[in-house]
Amino acid sequence: MNIVILDGYTENPGDLSWEGFEKLGNLTVYDRTPGEKIIERIGKAEAVIVNKTPIDKKVFDACPTIKYVGVLATGYNVVDINAAKEKGIVVCNIPTYGTDAVGQFAIALLLEICHHTAHHSDAVHAGRWENNKDWCFWDYPLIELAGKTMGIIGFGRIGQTTGRIAKALGMEVIAYDEYQSDAGREIAKYVSLDKLFADSDVISLHCPLFPSTEGMINKENIAKMKDGVILINNSRGPLINEADLAEALNSGKVYAAGLDVVSTEPIKGNNPLLKAKNCIITPHISWAPKESRKRLMDIAVDNLAAFIEGKPINVVNK
Ligand code: NAD
């Protein structure tokens, strides 16, 4: 079997091995593939592996040897799964691989807002402590989380992991989810969305992006929040109306935001959040510790092996 990986760099920048795929066939790996090269590089491959490179009907029409598309991610919106289904092409994803890493990152963003450790370390290295009149200094209000309320929107795998860590920090945890579970009830009290907006000192977003959740953090809902609320988002950028959030950060209504995702990625230079007050932005790296990427790699290899054996798993276009 000819296997082509079109954009392997973010999954494996050199610290993992592709050998699992090599054992399954004749493997070609590209770090990244521009749109105009997709069809040429797939050529006569039977298995195509992608992370964010789009595979649409045009590609399926032009590359009739494709039998399998493996997505190196949970979200598979980059593949036209209906066009694949019409041609009998199996599309598989990685349903879960980085729950602990993503939960940990949500808390990392929050702790950075509470302590600005990177800023204070930079200040010390720049000589500010050495030359300071007092025995210590800080440039931002330092925030203790114990006793404060974290409201989690979307209380699934990552939401619950984040909730467990927040509880370990002494926070009260409340959650809003369309589906409630006993596992969720052990960590948090479920409340309505409006009550969550009203009662939370910190709001952390962990629901998927759907038409119904797009723009859910907007002017109207921000008005329902406590003054000085902290907002964390490492789910999906379009959950937030960025112009509305930027305005709320600049007015102080929202004290700070910690974001690992934005509406368009990579971020555009004119994104209003780049100039907003107290806004920490990281380049979509919650998923990316080596441990998570290794798990993702192993599952991606298992998916292709299962397909070759005629018993595909994690199929998203049955
Ligand atoms: P999950 O399916 O386990 O949990 C999602 C939860 O959201 C479910 O409990 C679901 O019932 C709930 N939900 C659905 N619609 C809702 C709504 N309208 N309002 C409130 N809750 C709703 O998924 P997960 O593994 O916890 O992942 C959550 C999200 O994290 C993913 O959708 C993805 O966008 C994001 N994610 C980000 C990264 C990253 O690197 N930044 C990595 C992995 C996942």
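In short, a report on the structure. The structure presented is a predicted model; accordingly, all values stated were derived computationally and were not measured.

Calculation notes
- Residues numbered from 1 in each chain as written.
- Predicted model: local features only at pLDDT ≥ 70, side-chain atom pairs only at ≥ 80, totals over all residues.
- Heavy atoms only, no water.
- Salt bridge = Lys/Arg side-chain N within 4 Å of Asp/Glu carboxyl O.
- Helix = DSSP H or I, 4+ residues; strand = E, 2+ residues; numbered from the N terminus.
- Buried < 20%, exposed > 50% of the residue type's maximum accessible area, 1.4 Å probe, protein only.
- Contact = heavy atoms within 4.5 Å.
- Polar contact = N/O pair within 3.5 Å; in protein donor to acceptor, adjacent residues only side chain to side chain.
- Phe/Tyr/Trp six-rings, centres within 6.5 Å; stacked < 30°, edge-to-face > 60°.
- Expected span 1.5 Å × (residues − 1).
- Pairing = 2+ DSSP bridges.
- Axes fitted to C-alpha atoms, helices over the stretch in contact; angles between N-to-C directions.
- Near = heavy atom within 4 Å.
- Areas by Shrake-Rupley, 256 points an atom, 1.4 Å probe, with all protein chains shown as cover.
- Nonpolar A, V, L, I, M, F, W, Y, C, P; charged D, E, K, R; others polar.

**Remarks on the pattern of salt bridges**
Pairing between side chains of opposite charge can happen when their charged atoms approach one another.
(1) Moving on: For the structure shown, the criterion picks out eleven salt bridges.
(2) Moving on: Arg185 is the salt-bridge partner of Asp182, the closest N and O atoms lying 2.6 Å from each other. Taken together, the residues span about one helical turn, with Asp182 and Arg185 both in helix α8 (residues 182–187) at a distance of three residues.
(3) Moving on: Assessed through its relative accessible area of 59%, Asp182 is described here as exposed.
(4) Moving on: In this structure, Asp194 engages Lys224 in a salt bridge whose closest nitrogen and oxygen atoms are separated by 3.0 Å. Residue Asp194 is found in helix α9 (residues 193–199), and its partner Lys224 is found in the loop between α10 (219–223) and β10 (229–233); the two are separated by 30 residues along the sequence.

**Some points on the environment of Lys57**
(1) Moving on: As for its placement among the helices and strands, Lys57 is situated in helix α3 (residues 57–62).
(2) Moving on: The class for Lys57 is partly exposed, based on a relative accessible area of 41%.
(3) Moving on: The spatial distance from the C-alpha of Lys57 to the C-alpha of Ile81 is 9.0 Å, given a sequence separation of 24 residues.
(4) Moving on: Residue contacts for Lys57: discarding those within four places in its chain leaves Asp80 and Ala83.

**What about the side chain of Ser204?**
(1) Moving on: For Ser204, the location among the structural elements is in strand β9 (residues 202–205).
(2) Moving on: Side-chain polar atoms of Ser204 contact the side chain of His206, separated by 2.8 Å.
(3) Moving on: Those residues in contact with Ser204, other than ones at most four positions away along the chain, are Ala106, Met150, Gly151, Ile152, Ile153, Thr162 and Ile232.

**Re the packing of aromatic side chains**
(1) Moving on: In total, this model carries three aromatic pairs according to the counting rule given.
(2) Moving on: Taking 6.3 Å as the distance between ring centres and 50 degrees as the angle between the ring planes, the aromatic pair formed by Trp18 and Phe21 counts as tilted. Pair check on accessibility: Trp18 and Phe21 agree, each one buried.
(3) Moving on: Judged by centre distance (4.9 Å) and plane angle (40 degrees), the rings of Tyr68 and Phe307 are tilted.

**Some details on helix α5 (residues 99–115)**
(1) Moving on: In a regular helix each residue adds 1.5 Å, so 17 residues correspond to 24 Å; α5 covers 24 Å between its end C-alpha atoms and thus fits that length.
(2) Moving on: α5 sits mainly inside the fold: twelve of its 17 residues count as buried.
(3) Moving on: Among the residues making up α5, those that are buried are Thr99, Ala101, Val102, Gly103, Phe105, Ala106, Ile107, Leu109, Leu110, Glu112, Ile113 and Cys114.
(4) Moving on: Of the residues trailing α5, His116 is marked for its positive phi of about 50 degrees.

**Notes on the sheet that holds strand β5 (residues 90–92)**
(1) Moving on: Taken together, five strands build an open sheet; the order of strands is β2-β1-β3-β4-β5 and the sheet is parallel. Two strands close off the open sheet at either side, each with one partner strand: β2 (26–29) and β5. Across the sheet, the axes of successive neighbouring strands diverge by a mean angle of 15 degrees, strand direction being ignored.
(2) Moving on: In this structure, strand β3 (residues 47–50) lies alongside strand β4 (residues 68–71), joined through four bridges in parallel fashion. Bridged to Ile49 within β4 is Gly70.
(3) Moving on: Its contacts with the sheet put helix α12 (residues 290–308) on β1 (2–5), β3, β4 and β5, and the angle it makes with β4 is roughly 165 degrees.

**Some words on the site of the ligand**
(1) Moving on: Taken together, 23 residues form the shell around the ligand, and within it Arg157, Ile158, Asp177, Asn234 and Trp287 come nearest.
(2) Moving on: Note that an oxygen atom of the ligand is positioned 3.4 Å from one of the backbone N or O atoms of Gly156.
(3) Moving on: A distance of 3.4 Å is found between an oxygen atom of the ligand and a side-chain nitrogen or oxygen belonging to His284.
(4) Moving on: Summarising the interface, the protein chains cover 83% of the accessible area of the ligand, which totals 860 Å² for the free molecule.
(5) Moving on: Looking at side-chain class alone, the shell around the ligand contains ten nonpolar, eight polar and five charged residues.

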